[in-house]
Amino acid sequence: MAHSILVVDDAPNIILSLDFLMRQAGYKVRTATNGEETLLAVRENRPDLILLDVMMPKLDGYEVCQAIRADPALADIRIIMLTAKGRAIEQEKGLALGADAYITKPFSTQEVLDTVKALLKGE
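A brief look at the structure comes next. Bear in mind the structure is a predicted one, so any value in this text is a computation, not a measurement.

All right, on to the overall build of the chain then. The helix and strand tally for the chain stands at five helices and five strands. Secondary structure elements in the chain, listed N-terminal to C-terminal, are β-α-β-α-β-α-β-α-β-α. Against the 2.2 N^0.38 benchmark of 14 Å for 123 residues, the chain shows a C-alpha radius of gyration of 13 Å, consistent with a compact globule. Each of the three principal axes of the chain carries a C-alpha extent, and together these read 30 × 30 × 30 Å. Across the 123 residues that make up the chain, the buried fraction comes to 46%. Partitioning the intrachain contacts of the chain with sequence separation of at least 6 by distance along the chain shows that 61% fall at a separation of at least 24. In the structure as shown, the chain presents an accessible area of about 6,300 Å², 53% of it carried by carbon and sulfur atoms.

In this structure, the amide linkage connecting Lys105 to the following residue, Pro106, adopts the cis form with an omega of -5 degrees. Mapped onto the fold, Pro106 is located in the loop between strand S5 (101-104) and helix H5 (109-121). Phi angles above zero are rare outside glycine, and Lys58 is one such case at about 70 degrees. Its place among the elements puts Lys58 in the loop between strand S3 (49-53) and helix H3 (61-70).

Here we come to helix H1 (residues 12-24). Helix length check: H1 (13 residues) gives 18 Å between terminal C-alpha atoms against 18 Å at 1.5 Å per residue, within 8%. Residues of H1 that are buried: Ile14, Ile15, Leu18, Asp19, Leu21 and Met22. In an axial view of H1, the angular spread of the buried residues amounts to 170 degrees, which keeps them on one side of the axis. Those residues of H1 that are exposed and angled more than 90 degrees off the buried face are Pro12, Asn13, Leu16, Phe20 and Gln24. Looking at the buried positions of H1, the neighbouring elements they touch are strand S1 (4-8), strand S2 (28-32), S3, strand S4 (78-83) and H5. Gly26 lies just past H1 and shows a positive phi near 95 degrees.

This part covers the environment of Leu82. Inspection of the secondary structure assignment puts Leu82 in strand S4. Residues Leu82 and Pro72, 10 residues apart in the sequence, show an inter-C-alpha distance of 24 Å. Excluding its chain neighbours within four sequence positions, the residues that come into contact with Leu82 are Leu18, Leu51, Leu52, Asp53, Val54, Ile103, Lys105, Phe107 and Val112.

What follows deals with the packing of helix H2 (residues 35-44) against H3. Contact geometry for H2 and H3: axes closest at 9 Å, N-to-C directions at 25 degrees. Relative to H3, H2 is oriented roughly parallel. Between H2 and H3 the crossing geometry is right-handed. Counting all contacts with H2, which are made through Gly35, Thr38, Leu39 and Val42, the residues of H3 involved are Val64, Ala67 and Ile68. Taken together, the residues that form the contact of H2 with H3 break down as five nonpolar, two polar and no charged.

Moving on, we get to the sheet that holds S2. The strands that make up a sheet pair up through hydrogen bonds in the backbone, lying either parallel or antiparallel. With parallel pairing, five strands are arranged side by side in an open sheet as S2-S1-S3-S4-S5. In this open sheet, the two edge strands, each paired with only one partner strand, are S2 and S5. Sheet twist, expressed as the average angle between the axes of neighbouring strands with direction ignored, equals 20 degrees. Across four bridges, the pairing between S4 and S5 is parallel. Looking at the pairing, Met81 lines up with Tyr102 of S5. Across the face of the sheet, H1 comes into contact with S1, S2, S3 and S4 while running at roughly 165 degrees to S2.

Rules of the game
- Residues numbered from 1 in each chain as written.
- Predicted model: local features only at pLDDT ≥ 70, side-chain atom pairs only at ≥ 80, totals over all residues.
- Heavy atoms only, no water.
- Helix = DSSP H or I, 4+ residues; strand = E, 2+ residues; numbered from the N terminus.
- Rg over C-alpha atoms; globule rule 2.2 N^0.38 Å.
- Buried < 20%, exposed > 50% of the residue type's maximum accessible area, 1.4 Å probe, protein only.
- Contact = heavy atoms within 4.5 Å.
- Areas by Shrake-Rupley, 256 points an atom, 1.4 Å probe, with all protein chains shown as cover.
- Expected span 1.5 Å × (residues − 1).
- Arc of directions from axis to C-beta.
- Axes fitted to C-alpha atoms, helices over the stretch in contact; angles between N-to-C directions.
- Parallel < 35°, antiparallel > 145°, perpendicular 65-115°, else oblique.
- Left-handed = near helix turned anticlockwise from the far one by under 90°.
- Nonpolar A, V, L, I, M, F, W, Y, C, P; charged D, E, K, R; others polar.
- Pairing = 2+ DSSP bridges.

Here is the structure:
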């Protein structure tokens, strides 16, 4: 059975490219465009992994990650933060809040695929 991935970003071009990339790799994909929509989508149908943008309207990626980690029913979902915020302190913040990986934009599609595969392989 294919793993499910929730792609979260407020930039339509990023969603489109990640959706295509993940479907080509054989994953089931859903998308969300802001933090509130993400939490609703996760609680409605729990994904195996979330590709999570940090800078989004309503709730940012840090707040979404923190809310997911605080919920025991969702806490083991793999989270990869994808963001233009590339400073070490921002990366440390994302990992401290519970992200499993942190990839900065612009990103290599191969790096994203390799990270997704590695995290889902460990399940």
